[in-house]
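Summary of the model geometry
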Amino acid sequence: MRVEENCGNSRNNSLVKRVVRVCLASCLLVLVAAVTDSVFDLKPPLGLDFVLQNSPTPQKCLIETMPGGVALLDYNNDGLLDIFLVNGGHISSPAKYPDNFDRHDPRYWNRLYRQNKDGSFTDVTEQAGLAGAGDGNYGMGVAVGDYDNDGYPDLYVTSYGKNILYHNNGDGTFTDVTTKAGVAAGGWSVSAGFFDYDNDGRLDLFVTRYMEWDTRHNKDCGGNFHTYCPPGEFPRTTNILYHNRGDGTFEDVSQSSGIAAKKGHGLGVAFADYDGDGFTDIYVANDGMQQYLFHNNGNGTFTEVGLEEGAGLSVDGGPLSGMGVVFQDYDNDGLPDIIVTTLPRQTYGVFHNDGHSVFSDRGLQTGIRMMSGVTSGWGVGLEDFDNDGQKDLFITQGHVLDNVEQIDPSLKYLEPTLLAINHGGRFERVDSGSNDLVAGRGAAFGDLNNDGWMDVVTSVLGQHPQVFLNRGGNAHWLTITLRGTRSNRDGLGARVKVNGQTRFATTAGSYESASDKRVHFGLGDAKKANVEVLWPSGTRQTLNDIRVDQNLEIREPERP
Amino acid sequence: MRTILILFMAHAALAISPQAAQHLQSGREQEKQGHFDVAITEFRKVTELEPNFTEGFIALGQTYMEQRDFAAAVAPLKHALKLDASLLPAHQLLGYALLSQGYAAEAIPHLERVHEVGALGIAQLQAGNLPEALANLREALQKQPNDPDLLYYFGRASGLLSKQSIDTLLMTYPDSARGHQSMGENYFVLRQLPEAEKEYRKALELRPQTPNIHLELGQVYAMGSRWPQAEEQFRAEVKLQPGSAEAAFRLGDALLQQGKVQEARRELRRSDQLMPNMPETLYEFGKASALDGDAAAAEKAWLDLLGIEKDGALAAQAHFGLAGIYRNQGNTVEADKQMKAFREVQGGAAPQNER
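This structure is a prediction, so every number in the text was calculated from the model and none was measured. (Residues numbered from 1 in each chain as written. Chains lettered and ligands numbered in written order. Predicted model: local features only at pLDDT ≥ 70, side-chain atom pairs only at ≥ 80, totals over all residues.)

1. Remarks on the overall build of chain A
In terms of helices and strands, chain A carries eight helices and 35 strands. The C-alpha radius of gyration of chain A comes to 22 Å, within 12% of the 24 Å expected for a compact globule of 560 residues. The 560 residues of chain A split such that 58% are buried. Residue pairs in contact within chain A that sit at least 24 positions apart in sequence constitute 60% of those at least 6 positions apart. (Helix = DSSP H or I, 4+ residues; strand = E, 2+ residues; numbered from the N terminus. Rg over C-alpha atoms; globule rule 2.2 N^0.38 Å. Buried ≥ 20, exposed ≤ 12 C-beta atoms within 10 Å, placed from the backbone. Contact = placed C-beta atoms within 7 Å.)

2. Comments concerning the sheet that holds strand β24 (residues 418–423) of chain A
Residues and elements named next belong to chain A. The sheet built from four strands is open, its strands ordered β22-β23-β24-β25 with antiparallel pairing. If you trace the sheet from one side to the other, it starts and ends with β22 (377–383) and β25 (426–430), each paired once. Here the average twist between neighbouring strands, direction ignored, is 25 degrees. Judged from the three bridges that link them, strand β23 (residues 392–397) and β24 form a sheet pairing that is antiparallel. Across the sheet, residue phenylalanine 394 finds its bridge partner in β24, namely leucine 419. (Pairing = 2+ DSSP bridges. Axes fitted to C-alpha atoms, helices over the stretch in contact; angles between N-to-C directions.)

3. Overview of the packing of helix α19 (residues 313–328) of chain B against helix α20 (residues 332–346) of chain B
Residue and element names in this part refer to chain B. Where α19 contacts α20, the axes come no closer than 8 Å and their chain directions differ by 165 degrees. Classified by the angle between their axes, α19 and α20 sit roughly antiparallel to one another. Seen along the crossing, α19 lies across α20 with a hand that is left-handed. Residues Ala315, Ala316, His319, Phe320, Leu322, Ala323, Tyr326 and Arg327 of α19 form the contact with α20, whose participating residues are Thr332, Glu334, Ala335, Gln338, Met339, Ala341, Phe342, Val345 and Gln346. Grouping the constituent residues of the contact of α19 with α20 by class yields 11 nonpolar, four polar and two charged. (Parallel < 35°, antiparallel > 145°, perpendicular 65-115°, else oblique. Left-handed = near helix turned anticlockwise from the far one by under 90°. Nonpolar A, V, L, I, M, F, W, Y, C, P; charged D, E, K, R; others polar.)

4. Focus on the interface of chain B and chain A
Across the boundary between the two partners, chain B contributes 27 residues, which contact 28 residues of chain A. Those elements that place two or more of their residues in the side of chain B that touches chain A are α15 (245–257), α19 and α20 of chain B. Of the residues in the side of chain B that touches chain A, the class split is 12 nonpolar, 11 polar and four charged.

5. Quick word on helix α4 (residues 54–66) of chain B
All names here are of chain B. Over its 13 residues, α4 extends 18 Å from the first C-alpha to the last, a length consistent with the 18 Å expected when each residue adds 1.5 Å. Most of α4 sits out of view: 12 of its 13 residues are buried. For α4, the full list of buried residues reads Thr54, Glu55, Gly56, Phe57, Ile58, Ala59, Leu60, Gly61, Gln62, Thr63, Tyr64 and Met65. Positive phi appears at arginine 68, one or two residues downstream of α4, with a value of about 65 degrees. (Expected span 1.5 Å × (residues − 1).)

6. Considerations on the packing of helix α18 (residues 295–308) of chain B against α19(B)
In a packed pair of helices, the relevant descriptors are the angle between the two axes and the axis-to-axis distance. Residues and elements named next belong to chain B. Remark: α18 packs on α19, axes separated minimally by 9 Å, with the N-to-C direction vectors making an angle of 150 degrees. On the basis of the axis angle, α18 is roughly antiparallel to α19. The element α18 and its partner α19 pack so that their crossing is left-handed. Across from Ala295, Ala298, Glu299, Trp302, Leu305 and Leu306 in α18, the residues of α19 making contact are Leu314, Ala315, Ala318, Gly321, Leu322 and Ile325. Of the residues that constitute the contact of α18 with α19, the class distribution is 10 nonpolar, one polar and one charged.

7. Concerning α18(B)
All names here are of chain B. A rise of 1.5 Å per residue sets the reference length of α18, with its 14 residues, at 20 Å; its end C-alpha atoms lie 20 Å apart and thus fit the reference within 8%. By the burial criterion, the buried members of α18 are Ala298, Glu299, Ala301, Trp302 and Leu305. End-on view of α18: buried residues confined to an arc of 165 degrees, all on one side of the axis. Opposite the packed face of α18, turned more than 90 degrees from it, sit the exposed residues Ala296 and Gly307. Looking at the buried residues of α18, the elements they touch are α17 (279–291) and α19. (Arc of directions from axis to C-beta.)

Right, dumping it as structure tokens:
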């Protein structure tokens, strides 16, 4: 790829000299990697010493290959994104029932890292009241949302076991309010997300659950190879929808809303109003079966329409091993599309929203099919990493089976991270900035250093998280903080249009992770921006000739 | 076989003592009623009373076999043949008795005598006489084309013969193009793709014009989702074998995987012309046409497919594809109809996919 250009265009002079010397000597293609401009630098920030303890066992206890979540949130409202990482736990070998997972041991705590002004991080887990995670809970994912509209983001941590809702007290500490709130769930929860499904101004909570499983009923598959069993070996289960009553408690409305009518193998979840009826819909990535698109009927109930509307199966009518999911508009037609990450021998699902409640598979046209036949995708995001006005694709990858090479030598357990740049709706793989092969799982997206360029934090089984810091460039950008008044305080569910691009405000999506609540737009050469916000309350707000390259707060009008 | 033995024995019984004949008759009746233990006792008495009466030994051996005691059947049958080596029923029974116990080489001459080609083929296969086994099993299959055992052993003999031939090739000419091609095939089956690629590359270095090597190398790349490289190899194969429907199909698929839908359609169309009405080709052509925005061509291809194949995965996929076309056209009635057919073909529910 472009040896001549790369030999001449490197930003780093010493690197250029070195490369030119070698180019003159041999001019080999292998040099390309050394001089390609990558979007990211993979930099472990100071102080981020977390290790995701998944505790693999010889018995191949299924939970151990599934964690863990990443959240980017500004928990103390100091203007800097902090990082919350969900840990797994210690699994006895052979697994006991019930197992307490040793979550009282600091090695197995979830961790909150406060970002300092110099970009380093300080572990504030203990002082924030987040130490321990409840014995008997093996950690999975995290959701972020200000469920009580007090201006401070709250945390919801999912587990195999009980989930925990941590209320942010606004003074740097959190309180476990799970029992009072009534959101412990139980069973095996995976991803979760806050959204306001009934537009009452209060964030509700959706939780995916994987299967009916416990350590007592684990199975070992793969014959002599001993490996994790596929989901079909275990009964399907229901997802959970909690309605926010507004008094600090939630009501489980899974049955009455129709959500529980569809059992599945739920992993990822994402939200968007795909049909423009003003009510946020839900997409659930199911493992090894049809994917679920829950259409919000606007009356507190949902109807699953994945198959009928073309977003349930692959282009060939096959099931998908859905892991992570993103529900955003990749082709700037104003309609949210769906990308689902899957296992190898399938390709990542790309469901383009054609309008009129019809989706069509665009894996081929987008080029995503080509990038995905032998990889396993988990955390996924559509963000404009090069600020050219088109959302790019980032996927953290790694096979689910840690001994997959023994079973199928053409597949690998550790895989590279995928970054694909969007060129008018067709994606092209580029250097992600990391040659590391990892067992990637969670991924959260946000602007860590407030430079207007989107960064990524991913979780890796058994290792430190990866921090992909965007190297930036010259293109313009606009980051918007929504301040709801009649709508929920963070405006989650709002549709924001800027210079012909559309984003749906959400912290949910990806896999087990929660991203920066701010809404980011790359603007290319544009010097001004025209902004339109359609709030969940129904209020439409327009701002013209907005200065670019700024973090803009937009307050919802108090009156419609 | 049983009828022959009964007729044979009815005729032979005339020559023995009344006491032996009584035991013989009783043995037959007990054997008919499935009382094999009693029948064996009776037939054994016949052999004791008439030690040169071959039919008594045959009856005893046969009853042991009916009791599935093949080991016990061997001695009386051998004795019968010692008395008269021309007794075809004894050869037949002994051949089966020996084969059932794994004494394939010993069974062969007996089965040859009675021209039991099916059993003979199996015995030859087990004894390692593969070409003879294949010939006899083929002959047996002509008489019983749907016999699962014969089909199994024929397949196994073919496979072993093929392996034997490849082993000889690899031993004799390890560095030949065909040798490397064979090794490539072995690695490909084991999904050891880098090794397979290396072997095919060596084969091509040695004999670049050899048919099928590009095709197989292309499939290695396809399995690894390396579609541009797969395309390159399939193109090379198409150049070598412009009349190969498979090469055209593979090239079409590789192009389709890369979103080059128009070129994919051309190749798939060509494949369909070279070998018409292949369901796989029709399905892929329909998909390429749909992606190219030619709903009419896609619809025709998939309906043609459904005219050939009403069940199975491709039929289900065709229904699913048709549902997509009708949905996009706003024809929800037809879309629902196709989705219903899709579900029915899939077995009433969306299929499970396992890792």
